[in-house]
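Analysis of the macromolecular model
Listed here are the chains, written in short residue letters.
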Amino acid sequence: MAISIPTTSVSKDSSVFNSINSPKNNTQIYGSQLKFEDSQFKYLGLIKRNQGSLRLEASFAPTQVAPVKDMEKKQNDLNLFNDMRDRFLSFKRFKYLEKSDHYQKLANGQAPKFMVIACADSRVCPTSILGFEPGEAFVVRNVANLVPPFENGPTETNAALEFAVNALKVENLFIVGHSCCGGIQALMSMQDGEHSSVFIKDWVINGKQARTSTKAFAADLSFEQQCRHCEKESVNHSLVNLLSYPWIEERVRNGLLFIHGGYYDFINCTFEKWTLDYKGNGAQEDGKYAIKDRVFWS
Ligand SMILES: [Zn+2]
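Remember, predicted model here, so these are calculated numbers, not experimental data.

Turning our eyes to something else, we now look at the environment of F258. Note on placement: F258 falls in strand β4 (residues 258-265). The exposure class assigned to F258 is partly exposed, which follows from the 17 C-beta atoms found within 10 Å. The sequence separation of F258 and N172 amounts to 86 residues, and the corresponding C-alpha distance is 4.8 Å. The contact partners of F258, leaving out residues within four places of it in the chain, are E171, N172 and T275.

Right, let's talk about the pairing of strand β5 (residues 270-277) for a bit. Bridge count between β4 and β5: six bridges; the pairing is antiparallel. By the bridge assignment, G261 is partnered in β5 with W274. Taking the residues that link successive antiparallel strands as the turn, the β4-β5 hairpin has four residues, and the phi of C269 there is positive, at about 50°. The pairing of β5 with strand β6 (residues 290-297) spans six bridges and is antiparallel.

Take the environment of N254 next. Positionally, N254 belongs in the loop between α12 (246-253) and β4. Classification of N254 as exposed rests on a count of 9 C-beta atoms within 10 Å. For the pair N254 and K279, spaced 25 residues apart in sequence, the C-alpha to C-alpha distance is 8.0 Å.

What follows is about helix α5 (residues 100-108). Within α5, only zero of the nine residues are buried, which leaves the element largely exposed. At the C-terminal side of α5, G109 shows a positive phi close to 160°.

Before going further, it helps to spend a moment on the UniProt feature "binding site: Zn(2+)" (unreviewed entry) in the protein. Per the UniProt entry, the sites bearing "binding site: Zn(2+)" (unreviewed entry) are C119, D121, H178 and C181 in this numbering. The greatest C-alpha distance among the residues just named is 9.1 Å, despite their covering 63 residues of sequence, which places them together in space. For C119, the position within the fold is in strand β1 (residues 114-119). Residue C119 is classed as buried on the basis of its C-beta count, with 25 C-beta atoms lying within 10 Å.

Thresholds, definitions, all that
Residues numbered from 1 in each chain as written. Predicted model: local features only at pLDDT ≥ 70, side-chain atom pairs only at ≥ 80, totals over all residues. Helix = DSSP H or I, 4+ residues; strand = E, 2+ residues; numbered from the N terminus. Buried ≥ 20, exposed ≤ 12 C-beta atoms within 10 Å, placed from the backbone. Contact = placed C-beta atoms within 7 Å. Pairing = 2+ DSSP bridges. UniProt positions renumbered as here; feature names shortened; annotations may be inferred.

In structure tokens, the structure reads:
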């Protein structure tokens, strides 16, 4: 199913794609590094003495971590969490305690008007860019902000949708795409009919209809420009996928729930928002849906 929106503005300026690659900040790979912490060595050492295990002694082997590097990493980790502590305490002092009545109400329950589905990308936090306060938006984030169709079965995303729509009774579902999306780039890089055991590809293939329509519409454009087009196209396909959930379609048809798309361009810091125009009488003749209330914030 396709929809008639929006005439995606595809920038022909390839310079904006220079920052597609993710930041090279690998300093927080705690999982593999932690086993070399001193405390862990002590723990393992205790077990080794008690059990005399050769296997544990073997696991002791990788002690050749450069001490200076190890200390630098420890210091970096400490600084990161010191900063985090300061930010938390600042939040507590200047927000939580100053609005303690509001936060006490939140302790009793939540009644957000929005559910937001956004990308997991660290640069596009919807709470930060759209100013949601605690309690205002139920948020789920996944790679490339995709909503799979109902028939694909359960995922974390539609589990969250089910709770937000049926239990919280949110009034707005808002799917927010963004510029330079690595998930969309992975989707557009896949070959037709490609099956992959790589988790990311296995997930982003949920957007294959957007890839197909992008390839048809933007065949003459560069790969990067096709990706920009697909970033919006995939939002539109996810909006339509929302309607494949009977408990969403019913509430939209009855005017109790509204479906919106958004696109955050973090290169130029602009934001587009539009709303699906669905009244329950199906798609237009060509199988497309219209949009309304399109706005552009810059
Ligand atoms: Zn993304």
